[in-house]
Amino acid sequence: MDTNRFKASHDFSNLQKNLHNNPGYSVESYSQQVKDYLHDMKSKNQEATKHGFMTHAQKSAKEVWEEIQEIASEAWEKNKNHSDEKK
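Within an unreviewed UniProt entry, the label attached to the chain reads Prevent-host-death protein, and the organism entered is Chryseobacterium contaminans.

Written out as structure tokens, the structure is:
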């Protein structure tokens, strides 16, 4: 693996940079999700709780992680035999 070509956007140790490069993961985007959750619970005459929202957010994150795993697996299968090639 050519670690010199490791993209900075994939540097998991640099959370602030990752948050900046992925605007979907920001307080503002989650604020909208909270508003949507509160509205949804109110329309169903149910109590909105932080725990309920966090459970909802966790499910959302799990779905995203599953998509990432599928994409990463596909990339692995597509490129695993190219390890001997020079770029």
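Undergrad: Even after reading the chapter, I still don't get the environment of M54, so can you show me in this structure?
TA: By secondary structure assignment, the location of M54 is in helix α3 (residues 50–79). Spatially, the C-alpha atoms of M54 and V34 are 9.5 Å apart, while their sequence positions differ by 20 residues.

Undergrad: What exactly am I supposed to notice about helix α2 (residues 27–43) here?
TA: Because each turn of an α-helix spans 3.6 residues, side chains separated by three or four positions in sequence point in the same direction. Spanning 17 residues, α2 covers 24 Å between terminal C-alpha atoms, matching the ideal 24 Å at 1.5 Å per step. Phi for N45, located one or two positions after α2, is positive at around 55 degrees.

Undergrad: Explain unusual backbone geometry here, please?
TA: Trans is the common state for peptide bonds, and a negative phi is the common state for residues other than glycine. A positive phi is found at N45, a non-glycine position, where the angle reads about 55 degrees. Given a relative accessible area of 74%, N45 falls into the exposed group.

So, how was this worked out
- Residues numbered from 1 in each chain as written.
- Predicted model: local features only at pLDDT ≥ 70, side-chain atom pairs only at ≥ 80, totals over all residues.
- Heavy atoms only, no water.
- Helix = DSSP H or I, 4+ residues; strand = E, 2+ residues; numbered from the N terminus.
- Expected span 1.5 Å × (residues − 1).
- Buried < 20%, exposed > 50% of the residue type's maximum accessible area, 1.4 Å probe, protein only.

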